[in-house]
Amino acid sequence: MHDHGNLILILGDQLTPHISALAGADRQRDTLVMAEVHDEASYTNHHRKKLVLLFSAMRHFARALQEDGWQVHYHAYDPASDRRSLEDVIRRQLAVTGARRVITTECGEWRLDNEIRQWAQRLDVAVEIRLDDRFLASKEEFANWAKGRKQLRMEFFYREMRRKTGFLMTPDGTPEGGQWNFDADNRKKWTGRPPTPAPFRVEPDAITREVIELVNRQFAGHFGTTDDFHFAVTATDARAALAHFIDFALPCFGDFQDAMSETEDWLFHSILSPSINCGLLDPREVCEAAVQAWYAGRAPLNAVEGFVRQIIGWREFVRGIYWLHMPGYAAENRLGYNRDLPWFYWTGDTRMRCMHKAIDATRRNAYAHHIQRLMVTGNFALLAGIRPEAICDWYLAVYADAYDWVELPNVLGMVMHADGGYLGSKPYAASGKYIQRMSDHCANCHYKVSHSTEEDACPFNALYWHFIHRHRKQFAANPRMTMMYRNWDRQTPERRQALLGRAEDLLERLEQL
Ligand SMILES: Cc1cc2nc3c(=O)[nH]c(=O)nc-3n(C[C@H](O)[C@H](O)[C@H](O)COP(=O)(O)OP(=O)(O)OC[C@H]3O[C@@H](n4cnc5c(N)ncnc54)[C@H](O)[C@@H]3O)c2cc1C
Ligand code: SF4
């Protein structure tokens, strides 16, 4: 019956009926293939909540497709199955259906993309890979934008995307509010007021409960917990989560975008990345909702512009960088770092309060907000000179929103500066002072943020100066770093020696911090 139909492969992060692979498909003849396979679930120590999210969202999506009349072959996770890779599943389905063509939408990871591109030869079928039009800029469009530019700056790319989408643009083509970027307004510390909204919650239904049980049984050794799982697993729930964010958090999103808190895991962040990245929410729809809130006077411009910039600016930009530079990108290590990742990244067992809080939230929630990722766990890895591959693996494993295309540029580029600086004109290195300014962690810490060389001194302080000192060759000529080098050179030789000595000592015993 299926003899001449196609196989349409839908990956776990392509969970939308508008995915390009489905365009023009035939409900009677074609077979959709979705698979929870061992190799994809196990190539890294994925957080258990991330596995629950993806398996549950995939199962819900498959059911919705079936109810809509599609024929779906769903390969549920089975550790005893001899089909351990997507290729195994496709090979079997080709034999079962007699299909001669596989259609899919380009995937988000170089490794898998490379494998799928070999199927035509390995499986002797036609393989059609379609553009992923959920992104505003195609890989080719980004490459064209990048061509001939000496420096790739997110800000300029972002302005192109503003013009392209018309988001927050006046009819005469200028940015609303007379400025492209209101970031300078978005750096307030949060001191308990206004109160933060509770995050949107979906209680697990029968499908999700079954998946939780499966993950706890089959992935017991994986990082994190499945307790209190409350992410959206359907498009309907994800839309409700979006509405919840627009109503309750967006108005304060800008002001407290860079803040961190002892007591609040989520602050005013949207928590939408897990849904956007797996396809439950469309990024344009998300931005449109935020822009409409501004037009309706329900959120200020600094919040809405900041939010839209993260999505049509940063999110698209990091994807462009990824595809422009892979596969060589993953091996970049321009600062020559080779230290192992301290074990406390997996346990949270450290006396550094800010680190403990960020890692503990990560373990519980499969989530930490941007500033924790960038300025706490990321900053520490940079200052301590952790091997980029090790810290990249950690980020890929621990967050529910982590996929290679978005994790790698953020970690290797933005945090570790291992690519020479595509994601920032200077490294985001900072001492404890920054964390003190943006959070209330230091008051509860074993270490003293006001100390730098003493036994109880905040480790970020001496490590920061060590970083500045050891990279003079790379950064002294950078105009945005001049001030730091001036400050360093202004200190007495004894003070510099004491700081470097303290840092060396810390680097010797990272595991004990
Ligand atoms: C070291 C590091 C690792 C990161 N790893 C990931 C990752 O694996 N997956 C991921 O989606 N994001 C990653 N980010 C970006 C960002 O931290 C998360 O997108 C954000 O924290 C998700 O939470 P939210 O939805 O509440 O975001 P919000 O603060 O509400 O931001 C809104 C949206 O903007 C987008 N966004 C914001 N910043 C970025 C960015 N730098 N890159 C891409 N999209 C962005 C996301 O879609 C996010 O949902 C990383 C950032 C850093 C510094
Ligand atoms: S004192 Fe240092 S280690 Fe402790 S919370 Fe503050 S910045 Fe973090």
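Residues numbered from 1 in each chain as written. Chains lettered and ligands numbered in written order. Predicted model: local features only at pLDDT ≥ 70, side-chain atom pairs only at ≥ 80, totals over all residues. Heavy atoms only, no water.

Caption draft 1: Inspection of the sheet that holds strand β1 (residues 7–9) at higher detail. Here we have five strands laid out as an open sheet, ordered β3-β2-β1-β4-β5, and parallel in their pairing. The open sheet is flanked by β3 (71–75) and β5 (126–130), the only strands paired with a single partner. Going from strand to strand, the sheet's axes swing by 25 degrees on average, the running direction of each strand aside. Of the pairings in the sheet, the one linking β1 to strand β2 (residues 31–35) comprises three bridges and is parallel in character. Counted as the bridge partner of L9 is V33 from β2. (Pairing = 2+ DSSP bridges. Helix = DSSP H or I, 4+ residues; strand = E, 2+ residues; numbered from the N terminus. Axes fitted to C-alpha atoms, helices over the stretch in contact; angles between N-to-C directions.)

Caption draft 2: Here's a closer look at the packing of aromatic side chains. Counted according to the given criterion, the structure contains 30 aromatic pairs. Through a chain of ring-to-ring contacts, the aromatic side chains of F344, Y345, F380, W394, Y395, Y399 and F460 assemble into a single cluster. Cation over ring: K139 sits above W323, and NZ or CZ is 3.7 Å from the ring centre. (Phe/Tyr/Trp six-rings, centres within 6.5 Å; stacked < 30°, edge-to-face > 60°. Lys NZ or Arg CZ within 6 Å of the ring centre and 35° of its normal.)

Caption draft 3: Representation of the pattern of salt bridges in the model. Enumeration according to the criterion identifies 44 salt bridges in this entry. Here K139 ties to E106 by a salt bridge, and the two come within 3.0 Å at their closest N and O atoms. Separated by 33 residues along the polypeptide, K139 in helix α6 (residues 139–146) and E106 in the loop between β4 (101–105) and α4 (110–117) bring together distant segments of the chain. Two residues, R353 and E262, come together in a salt bridge whose shortest N-O distance is 2.7 Å. With R353 in helix α15 (residues 353–365) and E262 in the loop between α10 (250–253) and α11 (273–278), the pair connects residues that are 91 residues apart, well separated along the chain. When its relative accessible area of 10% is taken as the criterion, E262 is described as buried. Ionic contacts of the salt-bridge type, sharing partners, join the residues E40, E109, R111 and E115 into one network. (Salt bridge = Lys/Arg side-chain N within 4 Å of Asp/Glu carboxyl O. Buried < 20%, exposed > 50% of the residue type's maximum accessible area, 1.4 Å probe, protein only.)

Caption draft 4: The site of ligand 1, seen in detail. Taken together, 28 residues lie around ligand 1, and H269, S270, I271, N277 and Y367 are the ones closest in. S273 places a main-chain nitrogen or oxygen 3.0 Å from an oxygen atom of ligand 1. At 3.4 Å, a side-chain N or O of Q310 approaches a nitrogen atom of ligand 1. For the shell around ligand 1, the secondary structure elements donating two or more residues are α11, α13 (301–325), α16 (370–384) and α18 (404–415). Looking at the shell around ligand 1, the element that brings in the most residues is α18, giving six residues. (Near = heavy atom within 4 Å. Polar contact = N/O pair within 3.5 Å; in protein donor to acceptor, adjacent residues only side chain to side chain.)

Caption draft 5: Spotlight on the packing of helix α2 (residues 48–67) against helix α8 (residues 206–218). Direction vectors running N to C along α2 and α8 enclose 140 degrees, while the axes themselves pass 9 Å from each other. When the axes of α2 and α8 are compared, the pair comes out oblique. Regarding α2 and α8, the two cross each other, and that crossing is right-handed. Mapping the contact onto sequence places R48, L51, V52, F55, S56, R59, H60 and R63 in α2 and I207, T208, E210, V211, I212, L214, V215 and N216 in α8. Of the residues assigned to the contact of α2 with α8, the class counts are eight nonpolar, four polar and four charged. (Parallel < 35°, antiparallel > 145°, perpendicular 65-115°, else oblique. Left-handed = near helix turned anticlockwise from the far one by under 90°. Contact = heavy atoms within 4.5 Å. Nonpolar A, V, L, I, M, F, W, Y, C, P; charged D, E, K, R; others polar.)

Geometric values such as these leave the question of function open.
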